[in-house]
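Report on the structure
Residues per chain, in single letters:
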Amino acid sequence: MVQHYFNSAHPHTLFLSITDSVFGCSRQIMQKRQAVHETIRKEVAIARANDTINACTPVNLPALHYHCLLGSCREIVNEPFPCPDCEAVVYCSAACLAKAQDDEVIEWNGVVPGHRQDCAQLKGFMSRAPELDAIAGQFPWTRRRDMRGKFRETIVLAEQGLLGIGNAFGVWGEHPGSRNDDLGDSEWLEPRTDEELWMLPGDEIPRWDFKSCRDAVPSFPPVFEDNWADYYRWRKLPIASPAALRLHWALSVFRCLEELGLVSRQAVHDGPRKELTVYYLGVEDEIYFLNVFRELALLLPNTDLTLVLYGTSAFVAMHYHLPPPSGQVLSYTAPESCGGGSIRVLLRGENTFSPSLDPHDYPDADAHPDALIALNAGLAAYPTWRQVMVYAMKFSIPFAVTDYQEKSLSMARQVCQTLLSSARDAPVQSGYLQWFHIAKSYEQAWKLNPFMRPGRMPAAGHNLPQAQNGFIMVVVPFTADFDSPTSFLLADYSNTS
């Protein structure tokens, strides 16, 4: 049970009480995860021992359970009953499928629309499955599956000796339980070598320090096709390297900036330098492997990128283990032969008493970032995103997100359009009408992210094709000729949430 109280003498008391309550069982969680890891390692070893030539024996792991999607049922089932038309959603029986066709009133969730309204749309989303499978199929390590043919990242990590807990496992370490425990020391901020971070054979490491390995320097400019195989070619990596399981975070930021029209893969040596400030919103587990964002310095020649992190993990890090006064936790400059791009990563959260994304808490209300980025955002799932969307729309700040699946982005687009419709009743101020005419004419669309994390993610209540950073949507486009109406105040956020 979360206790809500606030002591003015200790301004972080409220947040501390919440985190201590939520993460109070971190030791038990850690022990359970260690037991799970041991089971996975044993089963992977058995599967490898049973392999024949060019075969991948399935790993005998506990089955991933499904939940009946009918709100009044939610029964856990091992053998789901999918909708025969779309095959996207699952139920425990034909009876629940029949009930789910009509609107259902749930006491704790209001009216849930009937499945018949979404069936055709979901069937269309299911057609994406071969494309996601093709992305995963570029890598040999995605062929090892569980007994139901599901991809699991833990199987890949166990097979390569990378499955473990904590900072000792570099960019691969899991961090279950309390972020307070993991971020409370300085180890996660200490500089490490590429070998210590990746724990891979030398030729499989995406290097950032090229002093002892000049042959690994990527070519200039960073030109590659939109697929992992060609990106690996550019980075001089064998396709057997599992690095994409972490690099997708940096590549997804890059693709979002490309979709916004803020960066290009065409560059020349000694070209004009560009400064770019990006707010990265909603950061969570990425904070444990911030070093992967060094990749952006190689991808953005002649660019000085400042990546400012907001979110729960950034807030906890700011208050449990204070970084330098500047908030800077990472700095890297690419070799001159690669264009000399640089990146600084900053943590923000000192202006709030909770891990809020409220734009009122941004350090300088008059100095807006060049772009907003949110990965695996879930814009429709969390009401706090609405104030961010309004902030981006009102100040014409380019905003792009990724999400796991198309259904989530379809719902996010509905939220965006609702916010735009409600803006018609807002007072007219300097520059606002110009913004409104630009914004209302833009309909958010999404596309497949070729640099998603390889391997589909299984889900408990549906079969929709989904992956981490699976799809990209531009929420607010870049409008180079638009003079942002900075006099337009943010005071009416409460009217849009």
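Since the model is a prediction, treat every value here as computed from it, not as a measurement. (Residues numbered from 1 in each chain as written. Predicted model: local features only at pLDDT ≥ 70, side-chain atom pairs only at ≥ 80, totals over all residues. Heavy atoms only, no water.)

1. Some remarks on the overall build of the protein chain
This is how the line gets drawn: Runs of H or I in DSSP of at least four residues are treated as helices and runs of E of at least two as strands, each being numbered from the N terminus. The contact definition used throughout considers only heavy atoms, calling two residues in contact when any of these lie within 4.5 Å. All accessible areas in this document rest on Shrake-Rupley with a 1.4 Å probe, and a residue is counted as covered only by the protein chains that are shown.
When helices and strands are counted, the protein chain shows 15 helices and 14 strands. In the protein chain, once contacts between residues fewer than 6 apart in sequence are set aside, the share between residues at least 24 apart is 73%. In the form shown here, the protein chain has an accessible surface area of approximately 22500 Å², with 52% of it arising from carbon and sulfur atoms.

2. Digging into the environment of Ile 40
For clarity, the cut-off: A simple rule labels every residue: compare its accessible area, found with a 1.4 Å probe on the protein chains alone, to the largest value its type can have, and call it buried under 20%, exposed over 50%, or partly exposed in between.
Looking at the secondary structure, you find Ile 40 in helix α2 (residues 26–49). Here Ile 40 falls in the buried class, since its relative accessible area comes to 5%. Each C-alpha atom, one on Ile 40 and one on Ile 155, is 6.8 Å from the other, the two residues being 115 residues apart in sequence. With residues near it in sequence (within four places) discarded, Ile 40 still touches Leu 61, Thr 154, Ile 155, Ala 158 and Leu 163.

3. Here's the deal with the pattern of salt bridges
Opposite charge on two side chains permits them to pair, given that their charged atoms come into close proximity. Heads up, the condition is: One side-chain nitrogen of Lys or Arg within 4 Å of one carboxyl oxygen of Asp or Glu is enough to make a salt bridge.
Within the structure shown, the criterion is met by 23 salt bridges. Notably, a salt bridge pairs Arg 265 with Asp 226, separated by 2.4 Å at the nearest N-O pair. Here Arg 265 is found in the loop between α10 (244–259) and β7 (274–281), whereas its partner Asp 226 is found in the loop between α8 (194–198) and α9 (228–235), with 39 residues between them in sequence. Here Arg 265 falls in the buried class, since its relative accessible area comes to 11%.

4. Concerning the nonpolar core
Note the threshold: Residue types Ala, Val, Leu, Ile, Met, Phe, Trp, Tyr and Cys, when buried and joined through side-chain atoms within 4.5 Å, form a set referred to as a nonpolar core.
Core analysis: the largest hydrophobic core is formed by 131 residues, its most contacted members being Trp 198, Trp 228, Leu 257, Phe 293, Leu 296, Leu 379 and Phe 399. Ranked by residue count, the leading element in this core is α10, at 10 residues. In contact with Trp 228, not counting residues within four places along its chain, are Ile 135, Gln 138, Phe 139, Ala 244, Leu 247, His 248, Leu 251, Pro 450, Phe 451, Met 452 and Pro 454.

5. Points about the packing of α9 against α10
Worth spelling out the cut-off: For helices, the fitted line uses only the C-alpha atoms of the stretch in contact; every axis is such a line through C-alpha atoms, and the angle between N-to-C directions lies from 0 to 180 degrees. The scheme is simple: roughly parallel for angles under 35 degrees, roughly antiparallel for over 145, roughly perpendicular for 65 to 115, oblique for anything else. Note on residue categories: nonpolar means Ala, Val, Leu, Ile, Met, Phe, Trp, Tyr, Cys or Pro, charged means Asp, Glu, Lys or Arg, and polar means any other residue, Gly included.
Packing of α9 against α10 leaves a shortest axis separation of 13 Å and a crossing angle of 90°. Accordingly, the angle class assigned to the pair α9 and α10 is roughly perpendicular. Facing α9, whose interface residues are Trp 228, Tyr 231 and Tyr 232, α10 presents Ala 244, Leu 247, His 248 and Leu 251. Considered class by class, the residues forming the contact of α9 with α10 number 6 nonpolar, 1 polar and no charged.

6. Looking at the confidence of the model for the protein chain
Where we set the bar: Summary of the metric used: pLDDT quantifies the predictor's per-residue confidence within the range 0 to 100.
Looking at the protein chain as a whole, its pLDDT mean stands at 81, while 78% of the residues score no less than 70. In this model residues 428–432 is a low-confidence stretch, pLDDT under 50, and it forms 13 contacts with partners more than four residues away in sequence or in other chains.

7. Overview of the side chain of Thr 303
Examined against the element boundaries, Thr 303 turns out to sit in strand β8 (residues 303–310). Contact partners of Thr 303, with chain neighbours within four places excluded, come to Arg 273, Lys 274, Leu 276, Gly 341 and Ser 342.

8. Here we look at the packing of aromatic side chains
Quick reminder of the rule: Two aromatic rings from Phe, Tyr or Trp, using only the six-membered ring of Trp, form a pair when their centres are within 6.5 Å; if the ring planes differ by under 30 degrees the pair is stacked, by over 60 it is edge-to-face, and anything between is tilted.
This model, assessed by the stated rule, comprises 19 aromatic pairs. Ring geometry for Trp 249 against Phe 289: centres 6.2 Å apart, planes inclined by 45°, an arrangement best described as tilted. Of this pair, Trp 249 sits in helix α10 while Phe 289 sits in the loop between β7 and α11 (295–299), placing them 40 residues apart in sequence. Side by side, Trp 249 and Phe 289 carry an identical accessibility label, which is buried. Taken together, a centroid distance of 5.2 Å and an interplanar angle of 55° make the contact between Tyr 279 and Tyr 310 tilted.

9. Here we look at unusual backbone geometry
Across the chain, the bulk of peptide bonds are trans and the bulk of non-glycine residues have phi less than zero. In this model, Phe 220 is joined to Pro 221 through a cis peptide bond whose omega is -5°. Relative to the elements of secondary structure, Pro 221 occurs in the loop between α8 and α9. Despite not being glycine, Arg 74 has its phi angle at roughly 60°, a positive value. As for its placement among the helices and strands, Arg 74 is situated in the loop between β1 (66–67) and β2 (76–77). Overall, Arg 74 belongs to the partly exposed group, its relative accessible area being 39%. The backbone of Met 199 sits at a positive phi, close to 55°, despite the residue not being glycine. Structurally, Met 199 can be placed in the loop between α8 and α9.

10. Looking at the pairing of β8
What counts here: Should DSSP find at least two bridges between two strands, the strands are taken to pair.
Most of β8 is tucked away: 7 of the 8 residues are buried. Alignment of β7 against β8, held across 8 bridges, turns out to be parallel. By the bridge assignment for β8, Tyr 280 is matched with Leu 309. Pairing analysis gives 6 bridges linking β8 to strand β10 (residues 342–347), with the strands arranged parallel. Within β10, the position partnered with Leu 309 by the bridge is Leu 347.

11. Notes on the sheet that holds β8
Remark on secondary structure: sheet strands pair via backbone hydrogen bonds, oriented parallel or antiparallel. Taken in spatial order, the 8 strands of this open sheet run β9-β10-β8-β7-β11-β12-β14-β13, and their pairing is mixed. Each edge of the open sheet is held by one strand with a lone partner, namely β9 (328–333) and β13 (446–448). Each adjacent strand pair in this sheet contributes to an overall mean axis angle of 20°, direction not counted.

12. Quick notes on the environment of Gly 271
Looking at where Gly 271 falls in the secondary structure, it is placed in the loop between α10 and β7. For Gly 271, a relative accessible area of 13% translates into the label buried. Counting along the chain gives 31 residues from Gly 271 to Asn 302, while the straight-line C-alpha distance between them is 6.4 Å.

13. Overview of α10
To keep things clear, this is the line we draw: By definition, a residue's bend is the angle between the axes fitted to the seven residues ending there and the seven starting there.
Its maximal kink placed at Ala 250, α10 deviates by approximately 30°. For α10, the tally of buried residues reaches 15 of 16 residues, placing the bulk of the element in the interior.

14. Description of the side chain of Glu 295
The condition is simple: Think of a polar contact as two N or O atoms within 3.5 Å of one another; within protein, one of them needs to be a possible hydrogen donor and the other a possible acceptor, and neighboring residues in sequence only count if both atoms come from side chains.
Position of Glu 295 among the secondary structure elements: in helix α11. Take Glu 295: its relative accessible area is 0%, and that puts it in the buried class. Polar contacts involving the side chain of Glu 295 include one to the side chain of Arg 235, which spans 2.6 Å. Setting aside residues up to four positions removed in sequence, Glu 295 forms contacts with Trp 208, Tyr 231, Arg 235, Leu 247, Ala 250 and Leu 251.

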